[in-house]
Amino acid sequence: MEEPDTEPPLTVVPGADPSRTQLCFEWGPAEMLLCETLFGRRGGEGRVAPGGSAGPAPTGCGVAGGGDGAPGPSRVFVVRRDQDIYMETLRKLFNESHGIFVGLQRCEEERAARARNAQLVQVSKNYRSVIRACMEDMHQAAISARDSALHSQYSIQVSILSAMELIWNLCEILFVEAAPAIPSLCKAGPLLLRLLDWVQLHICDVDNMVREVLGSENPSKHKLFWNVVNIFVLQGRMDEARHLLSKEAIANPTSMNMYKILDDLMKKMPVPSLGNTQTLTEMELKWQHWHEECQRYLQDGTFASNSHMESICKILLGDENAILEKKELMTTWYHFLVTRLLYSHPTVKPMELRFYAQAGNIIIFISSSLMHRKITSSMDMFLGEESSPEPLDTILMAAFEFELHQVIKECSIALSNWWFVAHLTDLLDHCKLLQSHNLYFGSNMREFLLLEYASGLFSHHSLWQLGVDYFDHCPEYGRVYLELHIERIPLNTEQKALKVLRICEQRQMHEQVRSICKIMAMKALRNNRLGSALSWSIRAKDAAFATLISDRFLKDYCERGCFSDLDLIDNLGPSMLLSDRLTFLGKYREFHRLYGEKRFSEAARLLLMLMTAHIAPCSFWMTLLTDALPLLEQKEVIFSAEQTYELMRCLEDLTARKLDKQKFQDDDVETMKVEMLRLALARNLARVIVKEGTLEGS
């Protein structure tokens, strides 16, 4: 495995002070358990840990103690890796993106390339709409938050979500929409059009400025008038720029001639559109003629008397210095890059972007005589030496350079959770852009990131259900991860246990099914809920545990004289064959039912079968023989002579097997039962002999 490029950031756990106490930790699937030992460090000076940290968020509980160098305070902290998962305001992001993800995995593999690419573009837009909706909700939460710390937290999340949408949108343009199978990209300029839309959507919002200018008494005299015109020009919004310039012409008739020329140049500027059918060659010829016309007017000094119009003409010619003079209006280097492309190379193709992003002067790539010049990137030109790029700048530059894996790597480092990189990588994998990139430990990048994201979901009390589908679509290690994580889900309620059980049964995870059923059966048994415990043990197909619970049922019957959970016992069906004791329990309950229905002959045969089949526990034989007493005392003879002899043998075996005969003899109740049984059996035998003899004589 490769070494990290930089040292990992330091995570400060508020309240934990390693200078005073020795710390120990244990890794979990999505969190770390950090605890202080009972013994402190001698000579350690206390320090106060900062209250805020950009790292994982800790929770803890304290245990009292005291003494330096002796047993002291011991506290336990839970350091979570993906704290964002626990933010209520981000639940929409996780829930709605899950549906988009599952829908993408289930799409038809045989779909035509053009239809498939169109679907991938739509999926990408769906992801962006979820990000934007979540960002708007977060913004409203920040506005309504009264607590300053909460307001700050929400504002930070709004910034993060805005950056995520910005990056995703650029990746959508460069990687998803720029797929080779989309024929529109063979036409002139669709890439630049999308980049212009991207700039207008994300970079600069001039609506408020426009309303302020147009709302004034004399718009052309407003201090922001030329700023608005320049912004429109820098963003390629020519119709809006011309509309504003017309107000300048009306207010200053002396500049009417210059206005008409500039307006004509802006009107005739070859602008690519998605609907046109002109080829790249046709577009380049038109643009070259228009460019020469602009150059001629500038050299003739047509706009020399109006510095604003002259500056606009220079921008139309792609003059870098003129564009850089408007740095404050563009605010970002990627706006500068798109503007340069618009006025220098409007027919740029996707794979050419890296050259124009890296080169400070596009002429370097046109004239070989200038190759000795120092090449500086658009980002370096815009930022200058006084400022350094932010992580967002690095990510966007990697995207413009088509360094796809670098984009994913930088996003993984900069963003606070795995949601973004997991879903973006999955989408790019469906675009067939990551097929050749495998990691050192066997799984590809898509699967690795999905596994990390799903593992984080499993640490949440309800979002774990979403994680199941992510594991399902990781063909190599998904099932293994699911088996390990699903065993760690706390089964707080039977409803939750049934959810987990259903998931395991659908995926034929037999070991996990048995484990869950055993856990729930043991919980029910501890709470003396015998019916639930028996039901779970049957689902687990655990014969030993079913035997134990059956014994508890029989013991409960002996103490109370009746069965609990009759509905369950009456409907055991084939499940009673799981163990001999469970079979006995079911059949014994059937004996009681037959007796209650006055079907005495069937009840007698079943009772005798239970004793002679040796499936009844020896401790229960006396109860079975006692149950035979009412049948022996019936007016009608129930037991035949042979059956009566069997009962006598069972009674003698019972008395002979008693280990402590003295105790048995001293027990008046047991002795009375035995005597009553012997008397009843003798009387029944006499009645049977008389009855059978009478029948034979007749």
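On a predicted model such as this, the values are computed, not experimentally measured, just so you know. (Residues numbered from 1 in each chain as written. Predicted model: local features only at pLDDT ≥ 70, side-chain atom pairs only at ≥ 80, totals over all residues. Heavy atoms only, no water.)

### A few points about the overall build of the protein chain
Within the protein chain, the secondary structure is distributed over 32 helices and four strands. By the burial criterion, 48% of the 698 residues in the protein chain qualify as buried. (Helix = DSSP H or I, 4+ residues; strand = E, 2+ residues; numbered from the N terminus. Buried < 20%, exposed > 50% of the residue type's maximum accessible area, 1.4 Å probe, protein only.)

### A closer look at the pattern of salt bridges
Within the structure shown, the criterion is met by 28 salt bridges. With a shortest N-O distance of 3.3 Å, E320 and R340 are connected by a salt bridge. One end of the pair, E320, is in helix α11 (residues 320-324); the other, R340, is in helix α13 (residues 333-344), and 20 residues separate them in sequence. Judged by relative accessible area, R340 falls into the buried class, the value being 1%. For the salt bridge of E590 with R593, the shortest nitrogen-to-oxygen distance reads 4.0 Å. Linking E590 with R593, this pair stays in helix α27 (residues 580-596), spanning three residues, or about one helical turn. Its relative accessible area of 25% is what places E590 among the partly exposed residues. One salt-bridge network, held together by shared partners, links K587, E590, R593, E597, R599 and E602. (Salt bridge = Lys/Arg side-chain N within 4 Å of Asp/Glu carboxyl O.)

### A word on the nonpolar core
Membership of the largest hydrophobic core comes to 201 residues, with the highest contact counts inside it found for L174, L195, W198, F400, W419 and F420. Sort the elements by how many residues they give to this core and helix α3 (residues 148-176) lands first, with 13 residues. Setting aside residues up to four positions removed in sequence, L195 forms contacts with L170, I173, V338, L341, L353 and F400. (Core = buried A, V, L, I, M, F, W, Y, C linked by side-chain atoms within 4.5 Å. Contact = heavy atoms within 4.5 Å.)

### A short note on the packing of helix α22 (residues 494-506) against helix α24 (residues 530-540)
Relative orientation of the contacting elements α22 and α24 amounts to 10°, with a least axis distance of 13 Å. Classed by the angle they form, the pair α22 and α24 counts as roughly parallel. Together, E494, A497, L498, L501 and E505 of α22 and S532, W536 and R539 of α24 make up the contact between the two elements. The residue inventory of the contact of α22 with α24, partitioned by class, reads four nonpolar, one polar and three charged. (Axes fitted to C-alpha atoms, helices over the stretch in contact; angles between N-to-C directions. Parallel < 35°, antiparallel > 145°, perpendicular 65-115°, else oblique. Nonpolar A, V, L, I, M, F, W, Y, C, P; charged D, E, K, R; others polar.)

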